[in-house]
Amino acid sequence: MKPSNNIWIQRQQCPCGDWKCYIKYEGDDQTSASSQTVKSETTSSELVFTPYVGQIFKSDDDAFEYYSNFARKNGFSIRKARSTESQHLGIYRRDFVCYRSGFNQPRKKANVEHPRDRKSIRCGCDAKLYLTKEIVDGLAQWYVSQFSNVHNHELLEDDQVRLLPAYRKIQEADQERILLLSKAGFPINRIVKVLELEKGVRPGQLPFIEKDVRNFVRTCKKTVQENDALLTEKRENDTLELLEACKSVAERDPDFAYDYTTDENDKVENIAWSYGDSVRAHALFGDVVTFDTTYRSITYGLLLGVWFGMDNHGRAILYGCVLLQDESSHSFTWALQTFVRFIRGRHPQTIVTDMELALRDAIARELPNTKHVVCIWHILSKLSSWLSFPLGSRFELVSDKHMALLFSYRGFWSISYIRGSFLARTMTPEFSQSLHAFLKRILSGQTCLQVFFEQIGLAAPAGNQTRDGMRYMHIKTCLPIEEHARSVLTPYAFNVLQHEIVLSLQYAIQEMADGSYLARHFKKMDGECLVIWMPEDEQIHCSCKEFEHSGILCRHSLRLLEVKNYFQLPERYFLPRWRRDQSLFPMDDQNSQSNNDDCAQALHALTETLLTESLTSKERFNHVQREITGLLAEVRSMPVAEELSLNMPGNNVSET
């Protein structure tokens, strides 16, 4: 059995605490591959023709695979019999025979009181395929010299032939999973049921049986014990190397921070680190922190925790990492204390995590004034496992247990409870996907802690952020509010606000008797929202609480400001975390934006004329569509310049 190339896996233990309950993640590579293997082995409909004398194969292995596939389709299995070798040709003859060929030779019975009397399955079957090697034009090839498909026993049906020993194979991915479950204390019958669930097959439809799993675990027991000793040594050595790497970086970079704990044997237990750029980024965007504990190392037995934030361009910032020996409240408490120390005592407004009881208790103690939110995307990823029918019927679980768990956490994830909490758009599916992609990219293929630490070091500095997404911000409504916001906000924040501005035009404002206002959609596609306006200090509050939630004004508030003839939004509604001047790296100045406006106007004029001309005939339209498609592909393949500095020609397009 080969060790896994990747030391990191997603945690599968269910937060309900039941050892029989696990989480299956959608798109899991290993599960998908294993499921595909089962499907290919059990439902393959590939045609395999009957071998014939004179049939040629490139190698004897190709011939054995071909004959084996033929045998499986026809209800029997084969084995390798004798081979013949010469000094010049090496092995030049191979004999493949039916698994029931020949007869068992009588063996001496062991000197035991009750010897086992096993019946032999061999019955002298004469089905066979003999190969002979020949050299043709200097190349070796194998041809069928003898073939017989005459059996003296019954052939098996499809649902029986798969149970023959020759076809009961445990794939490498399944071997790793079996050993992992066995080490976790799962009995053999439970391991088989877990694998059936993960692969989505009916009971008894795995390409191996419970006996094979039991034999595999028994055979590997000694190897596992030896591997555990090697892994313990590797874990200690690699953890010490990681600690030395942290010390080395700290000597070169005084802003780099790290800390660790040791156990009673003076072995490194927990270790955490953060970078100078990360601390500086947290000073700007540390209002919301995501603490991701999705992954753990199967090699080192360590839980990986990563602190993330979102910058003013909507991109993830890495604040720090921690490796913990266990998932106890004590370990999480140390991790939180260390992180707060790294960020110089600044507590976030909101912390976003997965469902974890020990972590919840630690946050309540260490960050009492911080709002704790459970990420809805973590919950949704578990629902398919919690509510699956096979899981409940086989393990005698019912959805009530998981529904009770969700209910107990309702104050941490339900929108009615967290709508007024500031989350800075970290709960959007795009941001969640970006975190997942970041972790997959960093963790895939990492075989040791040293490489992992180096990869994190390359990804962490804020200066490594690219300018992707900082594209031209065009105006859609020509409202003064929109033009002013474009000069203040980053492209990401402006795009969000612009979307709300466009939608605000679909709302009517009605003043109520108490001085408040009612915002109503013209098609009543959205619920009514109550907006309160206090002109003396330019405060506006909406019942949808979008500004409190994301830091960007909602369409209802914007509509009221438009009605009140506001040409600019009040400064208090441009949060520092969304402003252009709060970026971690320089933004384009207003001259660049002006150049972009000139370019946009020129292109708009061209495209308007092109549209008018192309709609006069179908031939013209098809030609324009074809040429524009090619032009767009060509432009996208060109490198992106840091600045757009063009001398714009006059618009010489004239209509004819």
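An unreviewed UniProt entry lists the protein chain under the name Protein FAR1-RELATED SEQUENCE, with Salix koriyanagi as the source organism. Heading Sequence similarities (unreviewed entry) of the UniProt record for the protein chain holds this comment: "Belongs to the FHY3/FAR1 family." One UniProt comment on the protein chain, placed under Subcellular location (unreviewed entry), says "Nucleus".

Moving on, we come to the sheet that holds strand 6 (residues 139–148). Overall, antiparallel pairing links the 5 strands, which are arranged 2-6-5-4-3 in an open sheet. Every other strand in the sheet has two partners, leaving strand 2 (56–57) and strand 3 (78–86) as the edge strands with one partner each. Sheet analysis places strand 4 (residues 90–98) next to strand 5 (residues 128–136), joined by 5 bridges and oriented antiparallel. The residue of strand 5 that forms the bridge with Val97 is Lys128. Contacts between helix 2 (residues 60–73) and the sheet are confined to strand 2, strand 3, strand 4, strand 5 and strand 6, with strand 3 contributing the most and set at about 155° to the helix.

Bringing helix 15 (residues 429–443) into the picture now. Here helix 15 is 15 residues long and its end C-alpha atoms lie 21 Å apart, about the 21 Å a rise of 1.5 Å per residue gives. Those residues of helix 15 that sit buried are Phe431, Leu435, Phe438, Leu439, Ile442 and Leu443. The buried residues of helix 15 occupy one face: seen down the axis, they fall within an arc of 110°. Those residues of helix 15 that are exposed and angled more than 90 degrees off the buried face are Glu430, Gln433 and Arg441. If you follow the buried residues of helix 15, they end up packed against strand 1 (8–10), strand 9 (288–292), strand 10 (295–297), strand 11 (302–310), strand 12 (316–324) and helix 16 (449–459).

This model, assessed by the stated rule, comprises 23 salt bridges. Close ionic contact of Glu236 with Lys267 constitutes a salt bridge, the shortest N to O distance being 3.7 Å. Of this pair, Glu236 sits in helix 6 (residues 210–252) while Lys267 sits in the loop between strand 7 (257–262) and strand 8 (268–274); the two residues are 31 residues apart in sequence, bridging distant segments of the chain. Residue Glu236 is classed as partly exposed on the basis of its relative accessible area, which comes to 32%. For Lys267, a relative accessible area of 36% gives the class partly exposed. Linking Arg341 and Asp259 is a salt bridge whose minimum nitrogen-to-oxygen distance equals 2.4 Å. A residue pair is termed long-range when its members are at least 10 positions apart, and Arg341 in helix 8 (residues 329–342) and Asp259 in strand 7 qualify at 82 residues.

Our next topic: the packing of helix 4 (residues 172–183) against helix 5 (residues 188–199). Look at helix 4 against helix 5: their axes get within 10 Å of each other, and the N-to-C directions meet at 135°. Taken together, the axes of helix 4 and helix 5 are oblique relative to one another. When you trace helix 4 past helix 5, the crossing you get is right-handed. The residues of helix 5 that touch helix 4, namely those facing Asp174, Arg177, Ile178, Leu181 and Ser182, are Ile191, Val194, Leu195, Glu198 and Lys199. Looking at side-chain class alone, the contact of helix 4 with helix 5 contains 5 nonpolar, 1 polar and 4 charged residues.

The rules we used
Residues numbered from 1 in each chain as written. Predicted model: local features only at pLDDT ≥ 70, side-chain atom pairs only at ≥ 80, totals over all residues. Heavy atoms only, no water. UniProt positions renumbered as here; feature names shortened; annotations may be inferred. Pairing = 2+ DSSP bridges. Helix = DSSP H or I, 4+ residues; strand = E, 2+ residues; numbered from the N terminus. Contact = heavy atoms within 4.5 Å. Axes fitted to C-alpha atoms, helices over the stretch in contact; angles between N-to-C directions. Expected span 1.5 Å × (residues − 1). Buried < 20%, exposed > 50% of the residue type's maximum accessible area, 1.4 Å probe, protein only. Arc of directions from axis to C-beta. Salt bridge = Lys/Arg side-chain N within 4 Å of Asp/Glu carboxyl O. Parallel < 35°, antiparallel > 145°, perpendicular 65-115°, else oblique. Left-handed = near helix turned anticlockwise from the far one by under 90°. Nonpolar A, V, L, I, M, F, W, Y, C, P; charged D, E, K, R; others polar.

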